[in-house]
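Each chain is listed here by its residues.
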Amino acid sequence: MSKVRTRFAPSPTGRMHVGNLRTALYAYLIAKHEGGDFMLRIEDTDQERFMDGALEIIYRTLEKTGLIHDEGPDKDGGYGPYVQSERNESGLYLKYAKQLIEQGDAYYCFCDKERLDSLKSTVSESGTEIRVYDKHCLSLSKEEVEANLAEGKPYVIRINMPTEGTTTFHDEIYGDITVNNAELDDMILIKSDGYPTYNFANVIDDHLMNITHVVRGNEYLSSAPKYNRLYEAFGWEPPVYVHCPLITDENHKKLSKRCGHSSYEDLIEQGFISEAVVNYVALLGWCPQDNQEIFSLEELVKVFDFHHMSKSPAVFDIQKLKWMNSEYMKAMEFDTFYEMALPYIQEAITKDYDLKKIAALVKTRIEVFPDIPGQIDFFETLPEYDPSMYVHKKMKTNEETSLEVLKDLLPILEKQEDYSNDALFATLKEYVSEKGYKNGYVMWPVRTAVSGKQNTPGGATEIMEVLGKEESLDRIRKGIALLEK
Ligand code: GLU
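On a predicted model such as this, the values are computed, not experimentally measured, just so you know.

Trainee: So what about the nonpolar core? Which residues, and what values?
Mentor: Formed by 141 residues in total, the largest nonpolar core has its most connected members in Leu189, Phe200, Phe316 and Phe379. For Phe316, the contacting residues outside a window of four places in its chain are Val18, Ile247, Thr248, Asp249, Glu250, Leu255, His261, Leu267, Tyr280, Leu284 and Leu321. Of all hydrophobic cores here, the second largest spans seven residues; its members include Cys111, Leu119, Tyr133 and Val156.

Have a look at this one:
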């Protein structure tokens, strides 16, 4: 069998949509699983949709996600150029289109917009309106065509689809798909601006670049029979097709910009870790054979098998991604975490606290980095809080019991020199056992006094360690004053 070669073929039109990232990932995994090559090809023949900066986004995203291509515009592997507009400069696509014209499988079309607009339209199964071209120009004589060309009349080149019979093609995920040829439009191969359409260029390039597996979104599924017609006309072997299922939002609508987290950059800006995003995206349409859900890229390369992909739509569940992200944070080396968390810690903290200690407190308690400021802002300033916060049913505390505990502890804590978590904890424990209380009966009021918050990263003594002696005592005194009111 020939070496597996896959490609990621983005159009440089904007941010990297989650669907595109998944396509890149699956193409990468299929190649790497078999020790094959993963290639990057830039599909920029739709010049109107080109966006400045989009190329940089593609390179940056592939690098950050670790989907390193073996060949591409920046890495020649002998199949270049890897940018379709550059390939077009040599007249490559036109050459193949002309070959089809010679064979009678394609033809020049000179119809103007007015005539095309006047053609009957039909509504496809998916509800979109399609205008089937009526093959008007197929009947032009060779002389008429030449005269038009000599005159410089604008033209496109269309495929000459058979009007009878059926075309069948096989997709690894969706199985055999058969369509009536009569439903297949004489699609345009070369546009009036001289560029090939995606429909044409992808077939030519996938063939010339020896691509063995074509991985792409299922929006291309309905066009695949047309591509097969092209392969047939050229006498080429079609690749293995792997069309990935639709990705939807929580409302089962196609994942779109509107949801605010449809692209890789959106997610990174929202504080997700790249590895977690890649891991999560891998599960959008592919099901591991056991219950494992956390996979590094290397592990994915080992276990990924496209035969276990699903055709039912995959729901992008941001809550699940948050969970996954928190798992990655917990597992992260502390120093790496600290470096990434620092800007978020500094957003909330200007005081001279040990920021590493704060980082250690939040590491196991956040889902995404932007959660940090909101969780730690009480270190900076004690929020105004209501005395009712001292009431805790389960801990059996109320305002009176809390006042008593805090007043008891104040002189003890004033005497205490060592404000490390361990030492503080030992002191409080000693008080607890001396009095025969339950832990929470003491810890709850202390934590409330030093944080002014119901939920905090870390317990009373961990917080006091960060605050230091002076600030901790100050807050306990404030708590006493509030309760005495
Ligand atoms: N250029 C197409 C896109 O960005 C790629 C489709 C394909 O992979 O063949 O959607």
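Trainee: Tell me about the site of the ligand, residues and numbers included.
Mentor: As a matter of local geometry, the ligand sits amid Arg7, Ala9, Pro10, Ser11, Glu43, Tyr198, Val215, Arg216 and Tyr220. Take Glu43: an N or O atom from its side chain is 2.6 Å from a nitrogen atom of the ligand.

Trainee: Quick rundown of the packing of helix α16 (residues 399-415) against helix α17 (residues 421-435)? Include the residues and the values.
Mentor: For the pair α16 and α17, interaxial distance at closest approach is 12 Å and the crossing angle is 130°. Between α16 and α17, the interaxial angle falls into the category oblique. When you trace α16 past α17, the crossing you get is right-handed. On α17, the residues that touch Val405, Asp408, Leu409, Ile412 and Leu413 of α16 are Leu424, Thr427, Leu428, Tyr431 and Lys435. For the contact of α16 with α17, the residue count by class is seven nonpolar, one polar and two charged.

Trainee: Tell me about the UniProt feature "short sequence motif: 'HIGH' region" (unreviewed entry) in the chain, residues and numbers included.
Mentor: When the UniProt feature table is mapped onto this chain numbering, "short sequence motif: 'HIGH' region" (unreviewed entry) sits at residues 10-20. For residues 10-20, the helix share is 27%, the strand share is 0%, and the end-to-end C-alpha distance is 7 Å.

Trainee: I'd like a description of the packing of aromatic side chains, backed by residues and values.
Mentor: Overall, the coordinates contain 23 aromatic pairs when judged by the stated rule. Each ring, one from Tyr28 and one from Phe38, has its centre 5.5 Å from the other, and the planes form 90°; the classification is edge-to-face. Pair noted here: Tyr28 is in helix α1 (residues 18-33) and Phe38 is in strand β2 (residues 37-40), with a separation of 10 residues, a long-range link. Ring geometry for Phe334 versus Tyr338: centroids 6.1 Å apart, planes at 15°, classification stacked. Here the residue Phe334 and the residue Tyr338 both occupy positions in helix α13 (residues 334-348), the gap between them amounting to four residues, near one helical turn.

Trainee: How would you sum up the pattern of salt bridges? Please name residues and give values.
Mentor: Going through the model one piece at a time under the given rule, you end up with 27 salt bridges. The residue Glu43 makes a salt bridge to Arg41 at a minimum N-O spacing of 2.8 Å. Glu43 gets classed as buried once you look at its relative accessible area, which sits at 7%. Of the residues examined, Arg41 reaches a relative accessible area of 0% and is grouped as buried. Through salt bridges with shared partners, a single ionic network connects Arg7, Arg41, Glu43, Arg87, Asp205 and Asp206.

Rules used throughout
Residues numbered from 1 in each chain as written. Predicted model: local features only at pLDDT ≥ 70, side-chain atom pairs only at ≥ 80, totals over all residues. Heavy atoms only, no water. Core = buried A, V, L, I, M, F, W, Y, C linked by side-chain atoms within 4.5 Å. Buried < 20%, exposed > 50% of the residue type's maximum accessible area, 1.4 Å probe, protein only. Contact = heavy atoms within 4.5 Å. Near = heavy atom within 4 Å. Polar contact = N/O pair within 3.5 Å; in protein donor to acceptor, adjacent residues only side chain to side chain. Axes fitted to C-alpha atoms, helices over the stretch in contact; angles between N-to-C directions. Helix = DSSP H or I, 4+ residues; strand = E, 2+ residues; numbered from the N terminus. Parallel < 35°, antiparallel > 145°, perpendicular 65-115°, else oblique. Left-handed = near helix turned anticlockwise from the far one by under 90°. Nonpolar A, V, L, I, M, F, W, Y, C, P; charged D, E, K, R; others polar. UniProt positions renumbered as here; feature names shortened; annotations may be inferred. Phe/Tyr/Trp six-rings, centres within 6.5 Å; stacked < 30°, edge-to-face > 60°. Salt bridge = Lys/Arg side-chain N within 4 Å of Asp/Glu carboxyl O.

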